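If you want the building blocks of each chain, they are given just below.
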Amino acid sequence: SQTIHQWPATLVQPVGSPLSLECTVEGTSNPNLYWYRQAAGRGLQLLFYSVGIGQISSEVPQNLSASRPQDRQFILSSKKLLLSDSGFYLCAWSKSPDGWSQHFGDGTRLSIL
Amino acid sequence: AQTVTQSQPEMSVQEAETVTLSCTYDTSESDYYLFWYKQPPSRQMILVIRQEAYKQQNATENRFSVNFQKAAKSFSLKISDSQLGDAAMYFCAYRSGYSNFGNEKLTFGTGTRLTIIP
């Protein structure tokens, strides 16, 4: 069966510090991968998605970036965090035989001080 | 571009009763998928149910069922025999059925917060 791992679960960072959130999927190959952000009490905002290694689509221009160094690894990064980057970050994967249902990780709660 | 609308920010239901959450969407496509996701206080996003647009039969998963009205572009979720563990935010989502680059993403509604009254 497929599983998705996302870490860390919580993170407290000062303004201006770098960021690296990691997401890996097991049990499948060539999945679509996604990064979402959710502000408190709000819906999900799609940040990036990837249909393959080296193929990243950015939905929202900002100081975040994403990379996919391996087939089942998706990384969300920033060189300098802003206060507005606080939120709950979710990674997800999907694949065609599963009717394109997206399956989510447990999320990372990021607080910027 | 597709849009998904959930017009009920909050709903409440007595335990063991039935509740229906509304969702409407706008699209010009004929092939697509619709989803309901549940987000409990733990904030994990959990897939509740999926509907393929080409299927006329409404999807069901145990106590959860949908009323899919393709012509009306309506996709409501019915929860029967509501339980305390059903308390969560519920999100409706749309995905294109066409596998072109740019169609792979889900479009989410703004969510409905469901409260279960003991």
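It should be emphasised that the depicted structure is a prediction, and the values quoted were computed from it without experimental measurement.

(A) Focus on the packing of aromatic side chains. Using the criterion set out here, one finds 16 aromatic pairs over all chains in the structure. Ring geometry for Tyr34(A) and Tyr36(A): centres 6.3 Å apart, planes at 25 degrees, overall stacked. Across the pair, exposure class does not vary: Tyr34(A) and Tyr36(A) are buried alike. Here the aromatic rings of Tyr25(B) and Tyr32(B) are separated by 5.3 Å at their centres, their planes lie at 65 degrees, and the arrangement is edge-to-face. Each member of the pair, Tyr25(B) as well as Tyr32(B), carries the same accessibility label: buried. Site record: aromatic cluster; members linked through ring pairs are Tyr34(A), Tyr36(A), Tyr49(A), Phe104(A), Tyr33(B), Phe35(B), Tyr37(B), Phe91(B) and Phe108(B).

(B) Seen up close, the state of the cysteines. The full count for this structure, using the stated rule, is two disulfides over all chains. Each sulfur in the disulfide pair Cys23(A) and Cys91(A) lies 2.0 Å from the other. Taking the sign of the S-S torsion, about -80 degrees here, the bridge from Cys23(A) to Cys91(A) comes out left-handed. Taken as a pair, Cys23(A) in strand β3 (residues 19-26) and Cys91(A) in strand β9 (residues 87-94) lie far apart in primary sequence, 68 residues in all. In terms of burial, Cys23(A) and Cys91(A) fall into one category: buried. Across the disulfide, Cys23(B) is cross-linked to Cys92(B) (sulfur-sulfur distance 2.0 Å).

(C) How the structure looks around the environment of Asp71(A). Residues and elements named next belong to chain A. Tracing the backbone through its elements, the reader meets Asp71 in the loop between β7 (64-70) and β8 (73-78). Residue class for Asp71 comes out partly exposed when judged on its relative accessible area of 21%. The sequence separation of Asp71 and Gln102 amounts to 31 residues, and the corresponding C-alpha distance is 17 Å. Apart from the residues lying within four places of it in its own chain, the contact partners of Asp71 are Ser29, Asn30, Pro31, Leu33 and Ile53. A distance of 2.7 Å separates the side chain of Asp71 from the backbone nitrogen of Asn30, its partner in a polar contact.

(D) Inspection of the interface of chain A and chain B at higher detail. Contact with chain A, which involves 26 residues of that partner, is made by 18 residues of chain B. Taken together, chain A and chain B are joined by zero salt bridges. Inspection of the chain A/chain B interface yields five residue pairs in polar contact (both at pLDDT 80 or more). Sorting the residues of the side of chain A that touches chain B by element identifies β4 (32-38), β5 (44-52), β9 and β10 (103-104) of chain A as the ones contributing at least two each.

(E) Summary view of unusual backbone geometry. All names here are of chain A. The residue after Trp7, namely Pro8, is reached through a cis peptide bond having omega 0 degrees. Here Pro8 is to be found in the loop between β1 (3-7) and β2 (10-13). A positive phi angle, close to 50 degrees, is found at Asn30, a residue other than glycine. For Asn30, the position within the fold is in the loop between β3 and β4.

(F) Molecular detail of the environment of Ile53(A). Residues and elements named next belong to chain A. Among the structural elements, Ile53 can be located in the loop between β5 and β6 (55-58). Between the C-alpha atoms of Ile53 and Gln70, which are 17 residues apart in sequence, the distance is 6.2 Å. Ignoring any residue separated from it by four or fewer positions in sequence, one finds Ile53 in contact with Arg68, Pro69, Gln70 and Asp71.

Each value, and the rule that gives it
Residues numbered from 1 in each chain as written. Chains lettered and ligands numbered in written order. Predicted model: local features only at pLDDT ≥ 70, side-chain atom pairs only at ≥ 80, totals over all residues. Heavy atoms only, no water. Phe/Tyr/Trp six-rings, centres within 6.5 Å; stacked < 30°, edge-to-face > 60°. Buried < 20%, exposed > 50% of the residue type's maximum accessible area, 1.4 Å probe, protein only. Disulfide = S-S within 2.5 Å. Helix = DSSP H or I, 4+ residues; strand = E, 2+ residues; numbered from the N terminus. Contact = heavy atoms within 4.5 Å. Polar contact = N/O pair within 3.5 Å; in protein donor to acceptor, adjacent residues only side chain to side chain. Salt bridge = Lys/Arg side-chain N within 4 Å of Asp/Glu carboxyl O.

Scope: geometric values only; no functional claims are made or implied.
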